[in-house]
Amino acid sequence: MKKLITITTLSTLLFINANAQEHNYIGLDIGNTTAKYTVTSIGLGINESSNDDGGSQTLKLGHYFNDNHRAAVLYHNINADDAKFGMLCLEYNYLIGENPLKPFAGVILGYGRYDLDNYDFNIDGAMYGVQAGLNYEINSYFSLEAGYRFIKSTMNETYRESGYDADFKVNDFRNWFVGFNFNF
């Protein structure tokens, strides 16, 4: 009977420990995002590059598969003076090491929409990119992180201006962020 209790106790502890690494999380990041875009029109004689810069917020719902692998669905919002932008993405991150402070690197794939007030139109398209940063596990429920995202865009739209075609292309987004995650 004593052996059975010992085996059952050890098995239970191993099962709990094995599942303790796998968990869900919700996260919130704030930061700054710069959108780089170009406008060209041969008829209008325009060939301009510009940046749209603003504060940004990211809401994430994710899952840790173990201490080093996680994936999430995220919604990223940019507050810009003359535009509204949002993107819905999937991300995967690899967290390096076994310490509470872990560098991470990952990839992002998603879809974004950019509404431009000055041009009275909107464009959308696929997004793909990379990110890197640091994650600090405060305890089993909370972690802090900071990082940088570089996201390329396939957004490209032709519109009519003063009787001529103009091409508007969103090239990329650069986002630095700080945030926290709650594990459950």
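Structural data are supplied above this passage.
Below or above, wherever it landed, is the structure these notes cover.

The rules we used
The written sequence of each chain sets the order in which its residues are numbered from 1. With pLDDT at 70 or above as the cut-off, local features in this predicted model cover only qualifying residues; side-chain atom pairs require 80 or more to be listed or tallied, and sums for whole chains, interfaces and linings still use all residues. Each side-chain value is worked out from all heavy atoms of the structure, with water and hydrogens disregarded. Residues grouped as a nonpolar core are buried Ala, Val, Leu, Ile, Met, Phe, Trp, Tyr and Cys residues, joined through side-chain atoms within 4.5 Å. For each residue, the accessible area found with a 1.4 Å probe, counting protein chains only, is set against the maximum for its type, and the residue is called buried under 20%, exposed over 50%, and partly exposed in between. Numbering of helices and strands runs from the N terminus; a helix is a DSSP stretch of H or I covering at least four residues, while a strand is a stretch of E covering at least two. At least two bridges found by DSSP between two strands is the condition for calling them paired. A carboxyl oxygen of Asp or Glu within 4 Å of a side-chain nitrogen of Lys or Arg is what we treat as a salt bridge. Using a grid of 1 Å spacing that covers the protein atoms alone, one calls a set of points a cavity when a 1.4 Å probe fits there but cannot get out, and a pocket when the set is open and has protein on both sides within 12 Å along at least five of seven lines; lining residues are those with an atom within 4 Å of a point. Grid points are joined across faces, edges and corners, and a volume is the space filled by probe spheres set on the points.

1. Overview of the nonpolar core
No. 1: Phe85, Tyr114, Met155, Phe168 and Phe173 are the most contacted members of the largest nonpolar core, which totals 23 residues.
No. 2: If you list the elements that add at least two residues to this core, you get β1 (23-41), β3 (69-79), β4 (83-95), β5 (101-116), β6 (121-137) and β9 (164-183).
No. 3: One finds Tyr25, Ala72, Phe104 and Phe177 within the second-largest nonpolar core, a separate group that totals 6 residues.

2. Focus on the pairing of β1
No. 1: Here β1 pairs with strand β2 (residues 46-64) via 19 bridges, running antiparallel. Bridging from a neighbouring strand, Tyr37 pairs with Ser50 of β2.
No. 2: A loop of 4 residues connects β1 with β2, the two strands running antiparallel in sequence, and Gly45 in this loop sits at a positive phi of about 70°.
No. 3: In this sheet, β9 lies alongside β1 in antiparallel orientation, the contact comprising 16 bridges. By the bridge assignment for β9, Tyr25 is matched with Asn183.

3. With respect to the pattern of salt bridges
No. 1: Scanning all chains against the criterion turns up 6 salt bridges.
No. 2: In this structure, the salt-bridge partner of Asp29 is Lys60, at a minimum N-O distance of 3.5 Å. Separated by 31 residues along the polypeptide, Asp29 in strand β1 and Lys60 in strand β2 bring together distant segments of the chain. Comparing Asp29 with Lys60, the two get one shared label, buried.
No. 3: The salt bridge involving Arg113 is made with Asp115; its shortest N-O contact spans 3.3 Å.
No. 4: Residue Arg113 is classed as partly exposed on the basis of its relative accessible area of 40%.

4. Side note on the layout of surface pockets
No. 1: The space that makes up the largest pocket amounts to roughly 310 Å³.
No. 2: Looking at the largest pocket, it is lined by 19 residues, and the ones nearest its centre are His23, Tyr64, Asp67, Glu137 and Asn183.

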